[in-house]
Amino acid sequence: MIAGCRRPGPFRVGQDPDPRFTLANERTFLAWIRTALGMIAGAVGFEAFGPDLPPLIHRLLVIGLLVAAVVIAIGCFLRWIGVESAMRRGHSLPAPALAPMLVGVLAFAGTTLALVFAIR
């Protein structure tokens, strides 16, 4: 560590882990951020160019994708900090919470669209 340099919150505890693990944790964080950005882009594209759906279903899908993107962005940041802190302290890594939520949102959106298109 550079003299006089203060590490933020979770980086002040424990010992520095192998840099490969820290970088892998960072790459995972960035992958989740790309997923959140993709959901935002999907919601914007759906709003602008989406099929002519009933207004309530259209709104629910767009808002649902946007809310899911926000939850993923916040959740992946908290997970990144939690994993870094656990590695520094030598503890077990926290259980993943974002994956089940993402599966649920995408399953809901896909099922809703499939039902709407099947009815047409």
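Keep in mind it's a predicted model, so treat the numbers as computed, not measured. (Residues numbered from 1 in each chain as written. Predicted model: local features only at pLDDT ≥ 70, side-chain atom pairs only at ≥ 80, totals over all residues. Heavy atoms only, no water.)

### Comments concerning the overall build of the protein chain
Thinking step 1. On a plain count of helices and strands, the protein chain comes out with three helices and zero strands.
Thinking step 2. Secondary structure elements of the protein chain occur, N-terminal to C-terminal, as α-α-α.
Thinking step 3. Its C-alpha atoms give the protein chain a radius of gyration of 19 Å, more than 25% over the compact-globule value 14 Å for 120 residues.
Thinking step 4. Once the C-alpha set of the protein chain is aligned to its principal axes, its extents read approximately 65 × 25 × 20 Å. (Helix = DSSP H or I, 4+ residues; strand = E, 2+ residues; numbered from the N terminus. Rg over C-alpha atoms; globule rule 2.2 N^0.38 Å.)

### With respect to the pattern of salt bridges
Thinking step 1. Counting across every chain of the model gives four salt bridges.
Thinking step 2. The residue Arg20 makes a salt bridge to Asp18 at a minimum N-O spacing of 2.4 Å.
Thinking step 3. Taking relative accessible area as the criterion, Arg20 reaches 59% and is therefore assigned exposed.
Thinking step 4. On the accessibility criterion, Asp18 (26% relative accessible area) is partly exposed.
Thinking step 5. A salt bridge links Arg88 to Glu84, with the shortest nitrogen-to-oxygen separation between them at 3.0 Å. Of the two residues, Arg88 and Glu84 are both situated in helix H2 (residues 55-89); the distance of four residues between them amounts to about one turn of the helix.
Thinking step 6. Judged by relative accessible area, which is 0%, Glu84 ranks as buried.
Thinking step 7. Within the structure, one salt-bridge network assembled from shared partners comprises Asp16, Glu84 and Arg88. (Salt bridge = Lys/Arg side-chain N within 4 Å of Asp/Glu carboxyl O. Buried < 20%, exposed > 50% of the residue type's maximum accessible area, 1.4 Å probe, protein only.)

### What about the packing of aromatic side chains?
Thinking step 1. Applying the stated criterion across every chain yields a total of three aromatic pairs.
Thinking step 2. Arranged with centres 6.5 Å apart and planes meeting at 65 degrees, the rings of Phe29 and Phe77 form a pair that is edge-to-face. Taken together, the residues span a long stretch of sequence, with Phe29 in helix H1 (residues 19-49) and Phe77 in helix H2 at a distance of 48 residues.
Thinking step 3. Judged by relative accessible area, which is 18%, Phe29 ranks as buried.
Thinking step 4. Here the aromatic cluster, defined as three or more aromatic residues joined through ring pairs, consists of Phe29, Phe77 and Trp80. (Phe/Tyr/Trp six-rings, centres within 6.5 Å; stacked < 30°, edge-to-face > 60°.)

### Overview of the confidence of the model for the protein chain
Low-pLDDT stretches of the model should not have their predicted coordinates read in fine detail.
Thinking step 1. Taken as a whole, the protein chain shows an average pLDDT of 87; of its residues, 92% reach a score of 70 or greater.
Thinking step 2. Within the protein chain, H1 carries the highest mean pLDDT (93), whereas helix H3 (residues 98-119) carries the lowest (87). (pLDDT = per-residue confidence, 0-100.)

### A closer look at the side chain of Asn25
Thinking step 1. Mapping Asn25 onto the fold places it in helix H1.
Thinking step 2. When its relative accessible area of 9% is taken as the criterion, Asn25 is described as buried.
Thinking step 3. In contact with Asn25, not counting residues within four places along its chain, are Trp80, Val83, Glu84 and Met87. (Contact = heavy atoms within 4.5 Å.)

### Thoughts on the nonpolar core
Thinking step 1. If you look at the biggest cluster of nonpolar residues, it comprises 15 residues, and the most contacted ones within it are Met39, Phe46, Leu53, Leu61 and Ile72.
Thinking step 2. Among the secondary structure elements, those contributing two or more residues to this core are H1, H2 and H3.
Thinking step 3. For this core, the element with the most residues is H2, which contributes six residues.
Thinking step 4. By size, the runner-up hydrophobic cluster in this structure holds five residues, among which are Phe11, Phe29, Cys76 and Trp80. (Core = buried A, V, L, I, M, F, W, Y, C linked by side-chain atoms within 4.5 Å.)

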